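Observations on the three-dimensional arrangement
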Amino acid sequence: MKTIRVNPQSLDIDPVVRVEGHLRVEVAVDEVDGLQQVVDAKVSGVLFRGFERILAGRSPWDAPDLTQRICGVCPVSHGLAASLALERVNGLRLPPNARWMRNLTLAANYLQSHILHFYVLSLLDFVDGPDMPPWQPSWKSDKRISGDEAKTFVEHYLAALETRRKCHEMGAIFGGKLPHPPAFVAGGFSAVPKAEDVTRFRSYLAEVEKFIHDIYLTDVERVAGAYPDYRVIGGGHKRLLAFGCFDEDSSGAVQLFPRGRSGEDAAVDLSAITEHVAASWYADDTGLPAHPKDNAYSWIKAPRYDGVPYEVGPLARMWVKGLYQDGVSVMDRHLARAKEAAELVPAMRRWLDQIVPGQPVYERFELPAEGAGAGLVEAPRGALGHWVKIAGGKIEHYSVITPTCWNASPRDAGGVRGPMEEALIGTPVKDVAEPVEVVRVLHSFDPCLACAVHAMRPAAGWRGFHAA
Ligand code: NFE
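The notes below deal with the structure included here. (Residues numbered from 1 in each chain as written. Predicted model: local features only at pLDDT ≥ 70, side-chain atom pairs only at ≥ 80, totals over all residues. Heavy atoms only, no water.)

Moving on: the coordination of the nickel atom of the ligand. All of the protein donors around the nickel atom of the ligand are Cys-71 (SG), Cys-448 (SG) and Cys-451 (SG); their distances to the metal are 2.2 to 2.4 Å. What the 4 donor atoms of the nickel atom of the ligand show is an angle range of 101 to 115° at the metal, which sorts the shape as tetrahedral. Between consecutive donor residues of the nickel atom of the ligand, the sequence gaps follow C-x376-C-x2-C. Here the nickel atom of the ligand and the iron atom of the ligand are spaced 3.2 Å apart, linked through Cys-451, which binds each one. Per residue, the accessibility class of Cys-448 equals that of Cys-451, and both read buried. (Donors = N, O, S within 2.8 Å, 3.2 Å for Na, K, Ca; no water. Tetrahedral: all angles 85-135°; square planar, octahedral: opposite > 155°, others 65-115°. Buried < 20%, exposed > 50% of the residue type's maximum accessible area, 1.4 Å probe, protein only.)

This is the structure:
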């Protein structure tokens, strides 16, 4: 492709709004074949956090409670991943009730998160809303949904807020107070199901289902229809990875959303996961925070599978399950996410049917003084892993790789861009004063910087830690 350098410009969007946490993006815009577009991108997490360091030296039993505080949007996933990591230390099998209640609480969290993402975090990029917050102030360019149709979307936005609240109330029936449900404990669940809880959950689910089917699915289709170019924009590396989630049996081998990768070889081998810090503010040899550092621009590490970047998220899950394989783009992410919401509802009914009030929810077990375990789940935004190493009865090392670590990762040791960075390449930018196209691509990943920024294990050999 012939590149005509006309007027290369660097745009710095800092902060990117309508994401969780602090995200900065720097894009180079240039004219290529007569079209002004993104030719380079750097995505940065600009807030340092250190949850793994908080965990070191503490009792392993604290991990489900402490790691939930990583984030208020996906705490359920962290509580589950931490519990699983401890249970894997000694191969514990849970009572079925605990499995169904965990699944249901996590699924309720997915539904609130999917609705939040489309209506609150993304829709305002596409719809020209009324002259009031949160619709204004906003960039005016390229809003293809306006007038009476926009009014309908505003009504749906309000209905989405209400429905999201219902999802939280639904999750709280078994999980306890949200957003950080205390019911996730290593060994099972701390709430005992009653028949009336099951009935109440069912009635919430019916209301949420109505919103998903009558409003959410239709609205996503409508936005996708108005922006057909976004079925191409925002593709990126087009490599997808899912750890799998929602156990259907005690072995953990059968899951509603299976583990896998796009492409010919779908197997997932945990020892293939590495983390790079070449462009991150951590020392190459120790993994300790190192700021400033030459060529580094993010507190996010760069996880790679088999040395290459992978996108994670609802699209990856639906792809691996075989339910959505239309493409990888901005709109494909939104469409697959809505499809996943619809897919969850019948599964939730099935899990509700299998809860037996009065039966056990917890299996008492001992943690060994020495051991290691991995808890792999799917958070709403994608593959989430917790790795724990116990020594002397305390946490010696804890490592968290979140979905946004994968998606918003910076360049790796080979200089290869992370998934969001790569997805931005080629994105047309009509008006550099209002680069809404860039923001649409970023929002389609629903990045959460609160989740993504973590310190790593400050000792030799940390690169191999994730094989545990
Ligand atoms: Ni803070 Fe999270 C999800 C996790 S994102 S929202 O979903 O883990 O990286």
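That covers the picture; the talk isn't over yet.
Tracing the backbone shows Lys-301 in the loop between strand S10 (273-276) and strand S11 (302-305). For Lys-301, a relative accessible area of 1% puts it in the buried group. Engagement of the side chain of Lys-301 in a polar contact is seen with the side chain of Glu-275, the distance being 3.1 Å. (Helix = DSSP H or I, 4+ residues; strand = E, 2+ residues; numbered from the N terminus. Polar contact = N/O pair within 3.5 Å; in protein donor to acceptor, adjacent residues only side chain to side chain.)

In this structure, Cys-74 (SG) and Cys-451 (SG) serve as the protein donors to the iron atom of the ligand, at separations of 2.3 to 2.8 Å. For the iron atom of the ligand, the 4 donor atoms in the first shell make angles of 75 to 168° at the metal, a pattern classed as irregular.

The next point concerns unusual backbone geometry. With an omega dihedral of -5°, the bond running from Gln-136 to Pro-137 counts as a cis peptide bond. By the secondary structure assignment, Pro-137 is in the loop between helix H4 (96-122) and helix H5 (147-175). In this structure, Arg-18 takes a positive phi of about 60° despite not being glycine. Among the secondary structure elements, Arg-18 is positioned in the loop between strand S1 (9-13) and strand S2 (23-32). At Asp-142, a position not held by glycine, the phi torsion is positive, near 55°. If you trace the backbone, Asp-142 turns up in the loop between H4 and H5.

Another aspect to go through is the state of the cysteines. Within this structure, the stated rule accounts for 0 disulfides. Cys-245 takes part in no disulfide bond, and the closest cysteine sulfur, belonging to Cys-74, lies 12 Å away. (Disulfide = S-S within 2.5 Å.)

Turning to the site of the ligand, a few remarks are in order. Close to the ligand lie Cys-71, Cys-74, His-78, Ala-379, Pro-380, Arg-381, Leu-384, Thr-402, Pro-403, Thr-404, Cys-448 and Cys-451. In this structure, an oxygen atom belonging to the ligand sits 3.3 Å away from a side-chain N or O atom of Thr-402. One nitrogen or oxygen atom from the main chain of Pro-403 is found 3.4 Å from an oxygen atom belonging to the ligand. Partitioned by chemical class, the residues of the shell around the ligand number 8 nonpolar, 3 polar and 1 charged. (Near = heavy atom within 4 Å. Nonpolar A, V, L, I, M, F, W, Y, C, P; charged D, E, K, R; others polar.)

Turning next to the environment of Leu-367. Tracing the chain through its elements places Leu-367 in the loop between helix H8 (330-354) and strand S12 (371-379). On the accessibility criterion, Leu-367 (16% relative accessible area) is buried. Leaving out residues up to four positions away in the same chain, Leu-367 has contacts with Pro-60, Trp-61, Leu-86, Val-89 and Ile-390. (Contact = heavy atoms within 4.5 Å.)

This next bit is on the environment of Lys-321. Mapped onto the fold, Lys-321 is located in helix H7 (residues 314-321). Lys-321 sits in the partly exposed class, given a relative accessible area of 30%. Lys-321 sits 64 residues away from Phe-257 along the chain, and the two C-alpha atoms are 6.2 Å apart. Looking at Lys-321, its side chain comes within polar contact range of the main-chain oxygen of Leu-256, at 2.9 Å.

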